[in-house]
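Breakdown of the fold
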Amino acid sequence: MVENADLIITARHAHRLVGVARSVTDFAYSTYLSDLAVDYEYQKQGDGKELIRLTKKKRPQQRSFYWRHQKQLIIILISE
């Protein structure tokens, strides 16, 4: 899982891994957030949203951001 990822953002609490966002990117035009996981005890507290925000922030020059959520492909086109 980690070997083929281009961008990994993690969330930790007291050195414990509680969330991860794994993305594949071409570092020029688009980023695909392929995996988003948050420990059950930390869900519904905004950690997943923050992982998505930080993923987008790491690739600010990207024109598009893709994320699959519950069988739906969400495409966010970023305008200039």
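Structural data are supplied above this passage.
Residues numbered from 1 in each chain as written. Predicted model: local features only at pLDDT ≥ 70, side-chain atom pairs only at ≥ 80, totals over all residues. Heavy atoms only, no water.

Okay, unusual backbone geometry next. A positive phi is found at His15, a non-glycine position, where the angle reads about 70°. Relative to the helices and strands, His15 is located in the loop between strand S1 (7–13) and strand S2 (16–25). A positive phi angle, near 65°, is found at Lys44, a position not held by glycine. With respect to the secondary-structure elements, Lys44 resides in the loop between strand S3 (30–38) and helix H1 (47–58). (Helix = DSSP H or I, 4+ residues; strand = E, 2+ residues; numbered from the N terminus.)

With that settled, the discussion passes to the nonpolar core. Counting ten residues, the largest nonpolar core consists of Leu7, Ile9, Ala11, Val18, Ala21, Leu33, Val38, Tyr42, Leu51 and Ile52. Breaking this core down by element, the ones donating at least two residues are S1, S2, S3 and H1. Of the residues forming this core, the biggest block, three residues, is contributed by S1. (Core = buried A, V, L, I, M, F, W, Y, C linked by side-chain atoms within 4.5 Å. Buried < 20%, exposed > 50% of the residue type's maximum accessible area, 1.4 Å probe, protein only.)

What follows deals with the pattern of salt bridges. For the coordinates displayed, the defined rule picks out four salt bridges. Here Arg16 and Asp39 are joined by a salt bridge, their closest N and O atoms 2.7 Å apart. Here Arg16, found in strand S2, pairs with Asp39, found in the loop between S3 and H1; they are 23 residues apart in sequence, far enough to count as distant. For Arg16, a relative accessible area of 36% corresponds to the partly exposed category. In this structure, Asp35 engages Arg22 in a salt bridge whose closest nitrogen and oxygen atoms are separated by 2.7 Å. In this pair, Asp35 sits in strand S3 while Arg22 sits in strand S2, placing the two residues 13 residues apart along the sequence. Asp35 sits in the partly exposed class, given a relative accessible area of 28%. Arg22 gets classed as buried once you look at its relative accessible area, which sits at 15%. One salt-bridge network, held together by shared partners, links Arg16, Asp39 and Glu41. (Salt bridge = Lys/Arg side-chain N within 4 Å of Asp/Glu carboxyl O.)

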